[in-house]
Amino acid sequence: MKRIIIDGKQIELENKTTVFEAAKQNGVYIPSLCYYSQLAPHGACRLCIAEIDGMKGFPTTCTTYVEDGMVVRTNTGLLQNLRCQIFELILSQHNKSCTTCAKNLRCELQTIAAYLGVERLTLPFIEKDILVYNDEPFFNRDYNLCILCGRCVRVCNEIRKNNAVDFAFRGIKTIPCTSFSKKLENSNCEFCGACVDICPTGAILEKDFRQSLNPDKVVTTICPYCGVGCSIKLEIKNEKIVRIAPDIDGPANKGQLCVKGRFGIKEFVHHKDRITSPLARQPDGSFKEISWEEALSVIAEKFAKYQGDEIAVISSAKCTNEDDYIIQKFARTVLKTNNIDHCARLCHAPSVAGLAQTLGSGAMTNSISEIADAKTILSIGSNSTATHPVIGLKIKKAVAHGAKLIVINPKKIELCRFAYLSLHHKPGTDVALLNGIAKVIVDENLQDEKFIRERCENYDEYITHLSNISLEDVEKITGVGKELIIKTSRIYATQKPATILYGMGITQHTHGTDNVFVISNLALLTGNIGKPSTGLNPLRGQNNVQGACDMGCLPGVYPGYQKIDDASVREKFEKFYQTNLNPKPGLTLTEMFKEAYVRKVKAMYIVGANPILSAPCLKHSECSLTELEFLVVQDMFLTETAKLAAFVLPSCSFAEKDGTYTNTERRVQLVNKAIKPLGESRSDWLIVCELAKEILKIRRHLSLQKEENPTVSPFYKEGIEGGFDFQNPSGIMDEIAKLTPIYGGISYKRLSEKTLKWPCPDENHPGTDILHREKFTRGKGLFMKVSYKPSTELPDDDYPLILTTERLLYHYHTGSFTRKVDGINKISPEEHLEINPSDAEKLGLSDGDFVKVVSRRGEIRVKLQVSENVLPGVVSMSFHFAESPTNALMNHAVLDPVSKMPELKVCPVALRRTNN
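Throughout, residues of each chain are indexed from 1 in the direction in which the sequence is written. Totals for whole chains, interfaces and linings use every residue, but because this is a predicted model, local features are given only for residues with pLDDT of at least 70 and side-chain atom pairs only at 80 or more, for both listing and counting. Side-chain calculation: all heavy atoms of the structure are included, whereas hydrogens and water are not.

K.L.:
Tell me about the overall build of the chain, residues and numbers included.
P.N.:
Numbering of helices and strands runs from the N terminus, with a helix taken as a DSSP run of H or I at least four residues long and a strand as a DSSP run of E at least two residues long. Summing up its helical and strand segments, the chain has 29 helices and 38 strands in all. The C-alpha atoms of the chain give 29 Å as radius of gyration, which agrees with the globular expectation for 916 residues (29 Å, within 12%). The principal-axis extents of the C-alpha atoms in the chain amount to approximately 95 × 65 × 65 Å. With a 1.4 Å probe rolled over the protein chains alone, any residue whose accessible area is under 20% of its type maximum counts as buried; one over 50% counts as exposed, and the rest are partly exposed. The 916 residues of the chain split such that 62% are buried. We call two residues contacting when some pair of their heavy atoms lies within 4.5 Å. Across the chain, the fraction of contacts at a sequence separation of at least 24, relative to all contacts at a separation of at least 6, is 73%. Computed by Shrake-Rupley with a 1.4 Å probe, the accessible areas treat only the displayed protein chains as cover when residues are assessed. For the chain, the accessible surface area stands at approximately 34,700 Å², while carbon and sulfur atoms represent 49% of it. We compute the radius of gyration over the C-alpha atoms and compare it with the globule rule, which gives 2.2 Å times the number of residues raised to the power 0.38.

In structure tokens, the structure reads:
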């Protein structure tokens, strides 16, 4: 504890901090133009000077650390006079009239000028006459307004690690600039907007910044894109989002965003293509707007005809927890089916299935913030800087602090620039590679024997299994050199704490669950679990895919992963819901399409999902949906899937409703309504509740006629209608807490004060940062014997190349949001197929050529990009573009036997030249 005095105010401090931060925390204002909380102390602007007893001169408070007994004065007449002189020198760099500047009234120069009482400049302005960059996607750069504070350069280099800009030229001509003065689009810039957020003047400014001045309100909510769960501030004027800014206090992002969260929201929310009224398909295939009353009445009448296995429901990882809870409740209590699933089946179903078996819980074990303190980071099957950019920042920060990063990925990704070791294995050979790493750890006696003996089981059988593995065979199978495998093993086992981060490069295989098993084995073997900065951390792709799983939008479990086939669990839910529940686990998403194809599933309700593009084999998905007797889609846009529906119901965006999301680290956060719903769109939970009540009325009528019509099943049970009489999402969360032990202590009241990570069993529990501290959820950690099995399809003479898939920084999922954003489309307008130069040369192809990519299931046309980022024999594409639907090529026929995951990372293809 340190005690200091600032301007006569006695202050006590526990942590090491600067005088500037101590003053700020205690309400003492000190002017500064170079300080930013996440940047290293700099002291460049000299405005934060102070008088400190015992120190010579006027030290800058942002670079001076607190010492016990310090006496600090920040606003003496001498200091203010010095600051005025310094400030005038800074202003001489800023030749601009405030009345014509878009940042007028939001400029830090104005704030400091008012504080110092500076009304006019006595020094001459420095005439710069610098070209204004105003033709770039999201923001303009006018360095005539630059005061050389250095914030933009430092945030780009220190925090984002992109090094897109630096100071160029010298003297009065100095400006922040890209190398060779290139446009930002041709530099390392990722358009994260950090430079815009940090610029104190109008030198770097959003294109439409002026319209965001004096907003009616600012609403803090959660970004609707990836699973990081970044906190954002929506600035609202006249019921429109006019600006998005990062929340400096956001627990997951701490003031950082990616291009999608910063610039990719307001355009899709207010896009002209939003569906704002219910639509009914007409005989000619067109859609007609109808009333909600008519839509719900007809849909309810149709759905009431189906029961159990005849109907299926697909929920959404983009919905709130409250939406998804109501959707699964509707499926189980009204439709009497457990055929409920969502997109986790196509991303992290193997994580849920695999980690549940080995550890007892299928979620991320540790927190995002802990990544920065790891000594070793093993990143496998994840391109974090593209798919989870803010987590990518944590990885880069750890490396800057001395951590060893090991990247295991078939492609050379951006993280390889920061990696201590990079292992590029053949797609689909993860089990062989990870077994090889484990074998080295055991052979060299690097395992944590005490941890294993006290907390694990099945170890002896596992050791016997490893003894049959040969590193020579591993090298042959994977293409990774033996020495590199040995180095990786030694680092991961000895440089602790070590954490594993993995993504869909691990899970999207027909042996995805096996991949998760072998990753789990590594953590157990080295004791890297249940401790800070360790663990097994599956990085969830969509904003609420974790929450959708938690809410029971899975065919075999109720909310909180409580098993359907457990009679006592089912009895608990039946008692609460006041109805009988189907005891038979339902169909997975991939199985639903197979059953629809043969007309066993006759009706489907799809909420916020676009499986036409996201599911494997477009032809099969499309044919399956067209075989249905009745299809209803609920979405914001007329997606490729919605175009096949009999009815399309308009749902709200995240900005138009309240609720909660659960991010990849199990953090539950409030989503706050910022604007009124567009047109007649409604929250998903409200639509489903109204539909449920309509169907129950019909069912009750049929039940009363049972004696006259004995074939009608007694679905209706007195009391169930009240189960959908919710007034708001807060009431839904209260019901979730009553039925779901891991959410037992979560309520809107608590979340308004602090975010919480589950398990949070009661209202006095603080939430859980790290899982499995004392014991595993299942008791003891389970070692699994897993042998390498080749992927379902392998290259041959007809299809000699392996196609693997990825996600891009600038787009999201099937593009239904990001492709509505002009700036993003300018940067990333189309799909590319990456191919190694050696393969391109063999095929006589050049960069920019158009080719047909052909698999056993179909073909697509795409532009070629020759790149050494992919291995010889491998080609790579994303799946964001409907014009080049990559998943049309993928195999839907064979699934992971445990998780029912299809093969989305290994697909043999051939390339054929086509005309431009």
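K.L.:
So what about the sheet that holds strand β29 (residues 756–757)? Which residues, and what values?
P.N.:
For two strands to pair, DSSP has to find at least two bridges joining them. Strand order in this open sheet of 3 strands is β27-β28-β29, and the pairing throughout is antiparallel. Single-partner strands in this sheet number two, and they are β27 (659–662) and β29. As defined by bridge partners, β27 adjoins strand β28 (residues 667–671) across 4 bridges and the pair is classed as antiparallel. The residue bridging Y661 from the neighbouring strand is Q669, located in β28. Set on the sheet, helix α9 (residues 321–334) makes contact with β27 and β28; between it and β27 the angle comes to about 95 degrees. Here an angle of 0 to 180 degrees is reported between the N-to-C directions of two axes, which are lines fitted to C-alpha atoms, with helices fitted over the stretch in contact.

K.L.:
I'd like to hear about the pattern of salt bridges, residue by residue, with values.
P.N.:
Two side chains with opposite charge may pair up if their charged atoms get near one another. The term salt bridge refers to a side-chain nitrogen of Lys or Arg lying within 4 Å of a carboxyl oxygen of Asp or Glu. Under the definition given, this model contains 48 salt bridges. Here E665 ties to R667 by a salt bridge, and the two come within 2.8 Å at their closest N and O atoms. In this structure, E665 and R667 share a single accessibility class: buried. For E793, the salt bridge identified is with R857, shortest N-O distance 2.7 Å. Of the two residues, E793 is situated in the loop between β30 (781–782) and β31 (801–805) and R857 in the loop between β33 (850–854) and β34 (859–866); the sequence distance between them amounts to 64 residues.

K.L.:
Could you give an account of the environment of P124, with specific residues and numbers?
P.N.:
You can see P124 is positioned in the loop between α3 (108–116) and β5 (139–141). P124 sits 530 residues away from F654 along the chain, and the two C-alpha atoms are 50 Å apart.

K.L.:
Tell me about the confidence of the model for the chain, residues and numbers included.
P.N.:
Confidence of the predictor at the level of single residues is captured by pLDDT, which takes values from 0 to 100. Per-residue pLDDT for the chain has a mean of 93; in total, 98% of the residues score no lower than 70. Under a pLDDT of 50 for its full length, residues 710–716 has, in the predicted model, 16 contacts with residues more than four places off or in other chains.

K.L.:
Would you mind going over the sheet that holds β33 in detail, with residue names and values included?
P.N.:
Strand order around the closed barrel formed by 6 strands is β31-β35-β32-β34-β33-β38, with mixed pairing between neighbours. Each strand axis lies, on average, 45 degrees off the axis of its neighbour in the sheet, ignoring direction. Relative to β34, strand β32 (residues 832–835) is paired through 4 bridges, and the arrangement is parallel. Paired with E834 across the strands is Q865, a residue of β34.

K.L.:
Please provide a residue-by-residue account of the packing of helix α16 (residues 471–478) against helix α17 (residues 482–494), values included.
P.N.:
The N-to-C vectors of α16 and α17 enclose an angle of 110 degrees; their axes lie 9 Å apart at closest approach. Classified by the angle between their axes, α16 and α17 sit roughly perpendicular to one another. Between α16 and α17, the residues in contact are L471, E472, V474 and E475 and K482, I485 and I486, respectively. In the contact of α16 with α17, the residues fall into 4 nonpolar, no polar and 3 charged. Oblique is the label for every angle not falling under 35 degrees (roughly parallel), over 145 degrees (roughly antiparallel), or within 65 to 115 degrees (roughly perpendicular). When residue character is reported, Ala, Val, Leu, Ile, Met, Phe, Trp, Tyr, Cys and Pro are called nonpolar, Asp, Glu, Lys and Arg charged, and the others, Gly included, polar.

K.L.:
With reference to specific residues and values, describe helix α22 (residues 589–597).
P.N.:
Of the residues making up α22, those classed as buried are L589, T590, M592, F593 and A596. Buried residues along α22 cover an arc of 160 degrees about the axis, so they all sit on one side. Remark: R599 follows α22 within two positions and exhibits a positive phi of approximately 65 degrees. In this description, one arc is meant: the one made by directions from the helix axis to the C-beta atoms.

K.L.:
Residue-level account of the packing of helix α10 (residues 349–358) against helix α19 (residues 512–526), with values.
P.N.:
Remark: α10 packs on α19, axes separated minimally by 8 Å, with the N-to-C direction vectors making an angle of 45 degrees. Put simply, α10 runs oblique to α19. You can see that α10 and α19 cross each other, and the crossing is right-handed. On α19, the residues touching P350, S351, G354, L355, Q357 and T358 of α10 are G512, T513, V516, F517 and S520. By residue class, the composition of the contact of α10 with α19 is 4 nonpolar, 7 polar and no charged. Whether a crossing is left-handed or right-handed is set by the direction in which the near helix is turned from the far one by less than a right angle, anticlockwise for left-handed and clockwise for right-handed.

K.L.:
Talk me through the packing of aromatic side chains; I want residue IDs and the actual numbers.
P.N.:
To pair, rings of Phe, Tyr and Trp, with the six-membered ring standing in for Trp, must have centres within 6.5 Å; the planes then decide the type, stacked if under 30 degrees apart, edge-to-face if over 60, and tilted in the middle. Here the structure, examined in full by the defined rule, presents 23 aromatic pairs. A ring pair is formed by Y462 and F783, whose centres lie 4.9 Å apart and whose planes are at 20 degrees; its orientation type is stacked. Placement of the pair is Y462 in helix α15 (residues 459–467) and F783 in the loop between β30 and β31, with a sequence separation of 321 residues. Overall, F783 belongs to the buried group, its relative accessible area being 0%. Note on F576 and Y577: the rings are 6.1 Å apart at their centroids and 75 degrees apart in plane angle, and the pair reads as edge-to-face. The partly exposed category is assigned to F576, whose relative accessible area is 32%. Taking relative accessible area as the criterion, Y577 reaches 4% and is therefore assigned buried. An aromatic cluster is built from F303, F330, Y605, F630 and F647, whose rings are joined through pairwise contacts. Here R141 stacks its cationic end above the ring of Y133, 4.1 Å away from the centre of that ring. The side chain of K404 reaches across the aromatic face of Y420, ending 5.0 Å from its centre. Only when the NZ of Lys or the CZ of Arg is both within 6 Å of the ring centre and within 35 degrees of the ring normal is a charge said to sit over the ring.

K.L.:
For the nonpolar core, give the residues involved together with the corresponding values.
P.N.:
If you look at the biggest cluster of nonpolar residues, it comprises 61 residues, and the most contacted ones within it are F303, I326, F330, Y605, L691, I695 and Y743. The element best represented in this core is helix α25 (residues 684–704), accounting for 8 residues. Those residues within four positions of I326 in sequence are excluded, and the remaining contacts are W685, V688, C689, F724, F726 and I732. For this analysis, a nonpolar core means a set of buried residues of the types Ala, Val, Leu, Ile, Met, Phe, Trp, Tyr and Cys, connected via side-chain atoms within 4.5 Å.

K.L.:
Any chance you could break down the environment of G227 for me, citing the residues and the numbers?
P.N.:
When you line up the elements, G227 lands in the loop between β9 (217–222) and β10 (231–237). C-alpha of G227 to C-alpha of L539: the two residues are 312 residues apart in sequence and 7.1 Å apart in space. Excluding anything up to four places from it in sequence, G227 contacts H388, R540, G541, Q542, N543, N663 and T664.

K.L.:
Any details on the pairing of strand β38 (residues 907–913)? Residues and values, ideally.
P.N.:
Among the 7 residues of β38, 5 are classified as buried, and the element is accordingly described as predominantly covered. The pairing of β31 with β38 spans 3 bridges and is classified as antiparallel. Bridge pairing links L801 to V909 in β38. Pairing of β33 with β38, which is carried by 4 bridges, proceeds in the antiparallel orientation. Considered in β38, the bridge of V851 is made with R913.

K.L.:
Describe in detail the side chain of H271, supporting the description with residues and values.
P.N.:
Position of H271 among the secondary structure elements: in the loop between α7 (266–269) and β12 (279–281). In this structure H271 comes out as buried when scored by relative accessible area, which is 18%. Setting aside anything within four residues of it in sequence, one finds H271 in contact with F637 and K820.

K.L.:
I'd love a proper account of unusual backbone geometry, names of residues and values included.
P.N.:
In this structure, the amide linkage connecting K496 to the following residue, P497, adopts the cis form with an omega of 0 degrees. Among the secondary structure elements, P497 is positioned in the loop between α17 and β20 (498–502). Geometrically, the link from W758 to P759 is a cis peptide bond, its omega value of 0 degrees lying close to zero. Structurally, P759 is set in the loop between β29 and β30.

K.L.:
Let's hear about the environment of G381: which residues, and what values?
P.N.:
Summarising the element assignment, G381 is placed in the loop between β16 (376–380) and α11 (384–387). Overall, the relative accessible area of 13% leaves G381 in the buried class. Spatially, the C-alpha atoms of G381 and W758 are 26 Å apart, while their sequence positions differ by 377 residues. Ignoring any residue separated from it by four or fewer positions in sequence, one finds G381 in contact with I408, N409, G503, M504, G505 and I506.

K.L.:
How would you sum up helix α2 (residues 77–91)? Please name residues and give values.
P.N.:
To estimate the expected span of a helix, count its residues, drop one, and scale the result by 1.5 Å. Here α2 is 15 residues long and its end C-alpha atoms lie 21 Å apart, about the 21 Å a rise of 1.5 Å per residue gives. For α2, every residue scored as buried is listed here: L79, Q80, R83, F87, E88, I90 and L91. Buried residues in α2 make contact with β3 (51–52), β4 (71–73) and α3.

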